[in-house]
Amino acid sequence: MPIASPEIYNEMLDRAKAGKFAYPAINVTSTQTLHAALRGFAEAESDGIVQISTGGAEFLGGQYKKDMVTGAVGLAEFAHVVGEKYPVNIALHTDHCPKDKLDGYVRPLLKISQERVAKGQNPLFQSHMWDGSAETLADNLDIAQELLAEAVKAKIILEVEITPTGGEEDGVTHEINDKLYTTVDDALRTAEALGLGDKGRYLLAASFGNVHGVYKPGNVVLRPELLRDLQDGVGAKYGKQDPFFFVFHGGSGSTEQEIRTALENGVVKMNLDTDTQYAFTRPIADHMFRNYDGVLKVDGEVGNKKTYDPRSWGKLAEAGMAERVTKACADLRSTGTKLK
């Protein structure tokens, strides 16, 4: 199946919300991690989302120029080609983009997709994220309105983060404190500014104690039941049941019950990066330790080409990450739900 068309992506999200499951959104930084994600979704018979952060796109752009747009476009074009070989629908998404990187990342990518759509093609990406959580809510929503209008022209869905996610990702840092909980008033202001689908479709990354990375028990207090308050508070005013399609950020290391509660309250996408990074790297470390004298030319020896050939440990890394993706599908109840 190809990379999802706008129509297919919309159907994916609608089915997830109605079925109370969510798609893992897997961060990738290379063609190899892309294949690992695609393989994991295929083995789980689940459609899914692959996403590229600003730091990931910069890395993909090559260390000579470190151009984010080049990196994102290059991987997206590659995904459109190799995605045809996997029997699932995959949406391409760009992850966290703060205000100072919009002109060097999301806005140029929106223009590329607008040009494609004008030619009768599908957009290059299916959704983009605007992370205005470091701004005031008023400024955040002003920029979100502008980006949403541009996204509509490209048949793209916008993801917005209205309040902070704790921890650090690609240089954006938020403390772990009471600001990590979105209020009903925050949600009402968002609905007033962005509508509830009438001005364009968007996903909402609301905060319920989310933190990027993995922390020991007790350091992070997730309250996914808060999402019910947001749904009910906004729904009551607008006469619309469960108006939001929520995104769960900082999903690595969450408990089964936390995930279940989030799904029941409208989460349709959960970001996963830290856990899949470890799942990719762990088999490589194991290979290097087990084949120390083969991957290194120790004491004047020649080593063992079969062990330092990147394909030997790359295959192990792909398998390890793919296995973690299939587990994420099971955790989020998307296993076996692929569109026919």
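That block above? That's the structure.
Residues numbered from 1 in each chain as written. Predicted model: local features only at pLDDT ≥ 70, side-chain atom pairs only at ≥ 80, totals over all residues. Heavy atoms only, no water.

What's the story with the overall build of the chain in this structure? I'm lost.
A count of helices and strands for the chain gives 13 helices and 10 strands. What you see for the chain is a C-alpha radius of gyration of 20 Å, in line with the 20 Å of a compact globule of 340 residues. Each principal axis of the C-alpha distribution contributes one length, and for the chain these read about 75 × 50 × 40 Å. Each of the 340 residues in the chain was classed as buried or not, and the buried ones make up 56%. The contacts in the chain between residues at least 6 apart in sequence include a share of 74% that link residues at least 24 apart. Accessible surface, the chain as shown: approximately 15,000 Å² in total, 52% of it carbon and sulfur. One way to put it: in the chain the 38 positive side-chain charges average out to a point 5 Å from where the 48 negative ones average out. (Helix = DSSP H or I, 4+ residues; strand = E, 2+ residues; numbered from the N terminus. Rg over C-alpha atoms; globule rule 2.2 N^0.38 Å. Buried < 20%, exposed > 50% of the residue type's maximum accessible area, 1.4 Å probe, protein only. Contact = heavy atoms within 4.5 Å. Areas by Shrake-Rupley, 256 points an atom, 1.4 Å probe, with all protein chains shown as cover. Lys, Arg positive; Asp, Glu negative; His and termini not counted. Charge placed at Lys NZ, Arg CZ, Asp CG, Glu CD.)

Help me out: how do you make sense of helix H9 (residues 256-264) in this one?
The α-helix winds at 3.6 residues per turn, so residues separated by three or four positions along the chain end up facing the same way. Considered for burial, the residues of H9 that qualify are Glu258, Ile259, Thr261, Ala262 and Leu263. Lining the buried residues of H9 we find helix H8 (226-238), strand S9 (246-248), strand S10 (267-272) and helix H13 (310-331). One or two residues past the end of H9 sits Gly266, with phi positive at roughly 105°.

Please clarify how the packing of aromatic side chains should be interpreted in this entry.
The geometry of an aromatic ring pair is captured by two quantities: the separation of the ring centres and the angle between the planes. Inspection of every chain in the model, using the stated rule, returns 3 aromatic pairs. Pairing Phe21 with Tyr23 gives two aromatic rings, centres 5.5 Å apart and planes at 85°, and the pair type is edge-to-face. When sorted by exposure, Phe21 lands in the same class as Tyr23, which is buried. The ring of Phe245 carries the charged tip of Arg201 above its face, separated from the ring centre by 4.5 Å. (Phe/Tyr/Trp six-rings, centres within 6.5 Å; stacked < 30°, edge-to-face > 60°. Lys NZ or Arg CZ within 6 Å of the ring centre and 35° of its normal.)

Is there a simple way to explain the environment of Arg324 in this structure?
Tracing the backbone through its elements, the reader meets Arg324 in helix H13. Along the sequence, Arg324 and Gly40 sit 284 residues apart, while their C-alpha atoms lie 7.4 Å from each other. Contacts of Arg324, omitting those with residues within four sequence positions, involve Leu272, Asp275, Thr276, Ala279 and Asp331.

What should I look at first to understand unusual backbone geometry in this one?
Leaving glycine out, the prevailing phi sign among residues is negative, and the prevailing peptide bond configuration is trans. With a phi angle near 50°, Glu45 is a residue other than glycine that sits in the positive phi range. Position of Glu45 among the secondary structure elements: in the loop between helix H2 (31-44) and strand S2 (48-52). Positive phi values are uncommon outside glycine, yet Lys155 reaches one of about 60°. Topologically, Lys155 is positioned in the loop between helix H6 (137-153) and strand S5 (157-161). Given the relative accessible area of 47%, Lys155 is considered partly exposed.

Looking at this structure, how should I read the nonpolar core?
Counting 79 residues, the largest nonpolar core has Val50, Tyr105, Val160, Tyr202 and Phe244 as its most contacted members. Per-element tally for this core: the top contributor is helix H4 (residues 68-82), with 8 residues. Residues contacting Val160, with those up to four places away along its chain left out, are Trp130, Ala144, Leu194, Tyr202, Leu203, Leu204 and Ala205. Counting residues in hydrophobic clusters, the runner-up holds 17 residues, among them Ala4, Met12, Phe21 and Ile157. (Core = buried A, V, L, I, M, F, W, Y, C linked by side-chain atoms within 4.5 Å.)

Can you help me understand the pairing of strand S4 (residues 127-131) in this one?
Residues in a regular strand project their side chains so that they alternate between the two faces of the sheet. Along S4, 5 of the 5 residues are buried, which leaves the element largely enclosed by surrounding structure. Here S4 shows no split at all, with Ser127, Met129 and Asp131 on one side and His128 and Trp130 on the other all buried. Across 2 bridges, the pairing between strand S3 (residues 90-94) and S4 is parallel. Across the sheet, His93 pairs through a bridge with Ser127, a residue of S4. Crossover connection from S3 via helix H5 (residues 106-118) to parallel S4: handedness right-handed. Where S4 meets S5, 5 bridges bridge the pair, whose relative direction is parallel. By the bridge assignment, Asp131 is partnered in S5 with Glu161. Viewed along the sheet, the connection from S4 through H6 into S5 turns out right-handed. (Pairing = 2+ DSSP bridges. Right-handed = clockwise from strand over helix to strand, strands pointing away.)

Where do I start with the packing of H5 against H6 in this structure?
Axes are the key here: two packed helices are described by the angle between their axes and the distance separating the axes. Taken N-terminus to C-terminus, the directions of H5 and H6 make an angle of 25°; their axes are 8 Å apart at the nearest point. Here H5 is positioned roughly parallel relative to H6, judged by the angle of their axes. Between H5, through Val106, Arg107, Leu110, Lys111, Gln114 and Val117, and H6, the contact on the second element is made entirely by Ile143, Glu146, Leu147, Glu150, Ala151 and Lys153. In terms of residue class, the contact of H5 with H6 is made up of 6 nonpolar, 1 polar and 5 charged. (Axes fitted to C-alpha atoms, helices over the stretch in contact; angles between N-to-C directions. Parallel < 35°, antiparallel > 145°, perpendicular 65-115°, else oblique. Nonpolar A, V, L, I, M, F, W, Y, C, P; charged D, E, K, R; others polar.)

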